[in-house]
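Examination of the molecular architecture
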Amino acid sequence: MASAEVWHLVLGVSALVGIAVAVLGTARVPVCWAPATAVARGALQLALVALVLHQAITDARLVAAALTVMFVVATLTASRRLGGGVRRTVTVAGATGVGVVVALGVVFATGALAATARYVLALGGIVIGNAMTFATLTGRRFTGAVVDRWDEIEGWLALGATPAQATRQIARESVRSALIPNLDQTRTTGLVTLPGAFVGAIFGGVSPLEAGRFQIVVLAAVLAAGSVTGVLLLRWSPPTTQRPSPPPG
């Protein structure tokens, strides 16, 4: 990348981050500096990852190592957002791991995409990242709803319902709520938005038809992984026998 391009990149990104921080700060939204720190951290991580993946993209062992690191970081991130702790981390890892393995297994077993290092790395990274988001959204929405509706849950428990029975409807609504952003994106793909994987593939020289094939596989895999992750996360979480603390910020 030429020095002029680097300068324009820094200028554009800085302006966008400045707008976000200024708007949030003016509205007195908590952690108004979060966009700046998130973008700075993301830029640094992407630069490091780009250097590593330049070599890893053709080596199956390095691809496996890269996906392992992604999965560990995703698990720890989601677990921290849900309150942390060993048991929570193990639950998140198990639910997310099953979701990711099921989605990737179906894609490559059916031949929807060739099981090359390039596709495994690209699809694996996308699915792991989205599974992390599904786990975080599902867990936080479930905990928040339980806190808000504790009197109702306590009433069911007093009538003899098990914790799973008392929170079953809340669990279903939490999974559905976590799915909404990706469902909307999938329904409006090509009409409202052009997903990053699709645009990136075209910019990389792939034909629009091939890029579309890759994108629809990505969308389906993300929904499959998210559905499995969300349902298993709540199934495997400890029973809710007392009012939990609100989810951490």
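Below is a summary of the structure that appears in this document.

Criteria and cut-off values
Residues numbered from 1 in each chain as written. Predicted model: local features only at pLDDT ≥ 70, side-chain atom pairs only at ≥ 80, totals over all residues. Heavy atoms only, no water. Axes fitted to C-alpha atoms, helices over the stretch in contact; angles between N-to-C directions. Helix = DSSP H or I, 4+ residues; strand = E, 2+ residues; numbered from the N terminus. Parallel < 35°, antiparallel > 145°, perpendicular 65-115°, else oblique. Left-handed = near helix turned anticlockwise from the far one by under 90°. Contact = heavy atoms within 4.5 Å. Nonpolar A, V, L, I, M, F, W, Y, C, P; charged D, E, K, R; others polar.

Concerning the packing of helix 4 (residues 86–109) against helix 10 (residues 208–236)
Between helix 4 and helix 10, the shortest axis-to-axis distance is 8 Å and the interhelical angle comes to 150°. In terms of orientation, helix 4 and helix 10 fall into the roughly antiparallel class. The way helix 4 lies across helix 10 gives a crossing that is right-handed. Side by side, helix 4 and helix 10 meet where Thr 91, Val 92, Gly 94, Ala 95, Thr 96, Val 98, Gly 99, Val 100, Ala 103 and Val 107 of the first sit next to Val 217, Ala 221, Ala 224, Ala 225, Val 228, Thr 229, Leu 232, Leu 233 and Trp 236 of the second. Residue composition of the contact of helix 4 with helix 10, grouped by class: 14 nonpolar, five polar and no charged.

Comments concerning unusual backbone geometry
If you check the backbone angles, Arg 28 has positive phi at about 55° while not being a glycine. Mapping Arg 28 onto the fold places it in the loop between helix 1 (3–26) and helix 2 (34–56). Phi is positive for Val 31, which is not a glycine, with a value near 50°. Note on placement: Val 31 falls in the loop between helix 1 and helix 2.

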